[in-house]
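# Structure assessment
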Amino acid sequence: MFITRATRHDKEDVQKLLESYGWSEVDLNRGVAFIARDGEVIGCVRLIEVAPQQLVVDDVLVADGRRGQGIGADLMRAAMNSRGGTLYLCCHPERVAFYERLGFADISIDEVPREVVEYWREVDDYPTPPDHVHRFLKAR
């Protein structure tokens, strides 16, 4: 297994992984993706620069059979080490501890820059529907 920045040649395999989990509306032409590959793509994370030095962490996914092996943390570290700036993400409460181990901390939506909120609106992460809970986090 290896982790690398995705190229245009990886796009179809990344799309296949995302679609297998019902993530069919991801625009892979936007941002920079990092992948974990073991023959096929088994994990990915994307960074979307929404303003200078403001990056959104999006589409963090590791295949079910490969979770718990440190692949997600390795992917996140590769992505985080690739770029400077402040990183923002929106996640479910059960994922917060994972991101905290990587240096993320809870913030309120009022602390999130306008450009980040606009991106989350565009991808339907914000506002959060009443029956759904999202937490907002920041690193660096």
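Each remark here, short or long, concerns the structure printed above.
The present account deals with the structure reproduced in this document. What you see is a predicted model, and the numbers here were worked out from it, not measured in a lab.

Attention now moves to the pattern of salt bridges. By the definition in use, this model includes 12 salt bridges. For Arg 37, the salt bridge goes to Asp 10, with nearest N and O atoms at 2.9 Å. With Arg 37 in strand β2 (residues 32-38) and Asp 10 in the loop between β1 (2-5) and α1 (11-20), the pair connects residues that are 27 residues apart, well separated along the chain. By relative accessible area, Asp 10 is classed as buried at 11%. With its nearest N and O atoms 2.9 Å apart, the salt bridge here joins Arg 77 to Asp 74.

Pairing in this open sheet of seven strands is mixed, and the strands run β1-β2-β3-β4-β5-β7-β6 from one edge to the other. Two strands close off the open sheet at either side, each with one partner strand: β1 and β6 (105-107). Adjacent strand axes in the sheet meet at a mean angle of 30 degrees, parallel and antiparallel pairs treated alike. Sheet analysis places strand β3 (residues 40-51) next to strand β4 (residues 54-62), joined by seven bridges and oriented antiparallel. Counterpart to Gly 43 in the pairing with β4 is Val 62. α1 rests against β2, β3 and β4 of the sheet, and its axis sits at about 95 degrees to β3.

Thresholds, definitions, all that
Residues numbered from 1 in each chain as written. Predicted model: local features only at pLDDT ≥ 70, side-chain atom pairs only at ≥ 80, totals over all residues. Heavy atoms only, no water. Salt bridge = Lys/Arg side-chain N within 4 Å of Asp/Glu carboxyl O. Helix = DSSP H or I, 4+ residues; strand = E, 2+ residues; numbered from the N terminus. Buried < 20%, exposed > 50% of the residue type's maximum accessible area, 1.4 Å probe, protein only. Pairing = 2+ DSSP bridges. Axes fitted to C-alpha atoms, helices over the stretch in contact; angles between N-to-C directions. Contact = heavy atoms within 4.5 Å.

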